[in-house]
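Structure assessment
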Amino acid sequence: WMAIGCLLTGASSHEELLQMAAKGDASAVDKLVGDIYGDDYKGLGLSSDTVASSFGKLVNSSLREKVKKEDMAASLTQMISW
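The model shown is predicted, which means the values in this text are computed figures rather than measured ones.

Let us look at the environment of H14. Mapped onto the elements, H14 comes out in helix α2 (residues 14–23). With 11 residues separating them in the primary sequence, H14 and A3 have C-alpha atoms 9.4 Å apart. Discounting residues that sit within four places of it in the chain, H14 has contacts with W1 and M2.

In structure tokens form, the structure reads like this:
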């Protein structure tokens, strides 16, 4: 977690990475069920805020250019802790 977190964000310590994650918004980079279906996917009982793909929005190259390191830290932290 720390090694990939440092590579993605430029953080230099565990504490810095956690601080970034606390300030970030994982949904800015994660593709959610609502992004795909527009709302909850009731057929499978998935709410619109369920993560469908960690870092999934970063397929879009224009978003990759604008992504905040805090959002990437939040997504990574969420991905490994759930």
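Our focus in this paragraph is helix α5 (residues 69–81). For α5, which comprises 13 residues, the first-to-last C-alpha distance of 18 Å matches the rise-based estimate of 18 Å (1.5 Å per residue) to within 8%. By the burial criterion, the buried members of α5 are D71, M72, A73, A74, S75, L76, T77 and Q78. Buried residues along α5 sit in contact with α1 (2–9), α2 and β2 (51–53).

A few words now on the pattern of salt bridges. Two side chains with opposite charge may pair up if their charged atoms get near one another. The final tally for this structure, using the stated rule, is one salt bridge. Across the pair D35 and K57 runs a salt bridge whose closest N-O atoms are separated by 3.4 Å. One end of the pair, D35, is in helix α3 (residues 33–37); the other, K57, is in the loop between β2 and α4 (61–66), with 22 residues separating them in the sequence. A relative accessible area of 40% means that D35 is categorised as partly exposed. Given a relative accessible area of 22%, K57 falls into the partly exposed group.

With 100% of its residues at a pLDDT of 70 or more, the protein shows a mean pLDDT of 96. In the model of the protein, α4 stands out as the element of lowest mean pLDDT, 92, in contrast to strand β1 (residues 31–32), which has the highest, 98.

Reading guide: rules and limits
Residues numbered from 1 in each chain as written. Predicted model: local features only at pLDDT ≥ 70, side-chain atom pairs only at ≥ 80, totals over all residues. Heavy atoms only, no water. Helix = DSSP H or I, 4+ residues; strand = E, 2+ residues; numbered from the N terminus. Contact = heavy atoms within 4.5 Å. Expected span 1.5 Å × (residues − 1). Buried < 20%, exposed > 50% of the residue type's maximum accessible area, 1.4 Å probe, protein only. Salt bridge = Lys/Arg side-chain N within 4 Å of Asp/Glu carboxyl O. pLDDT = per-residue confidence, 0-100.

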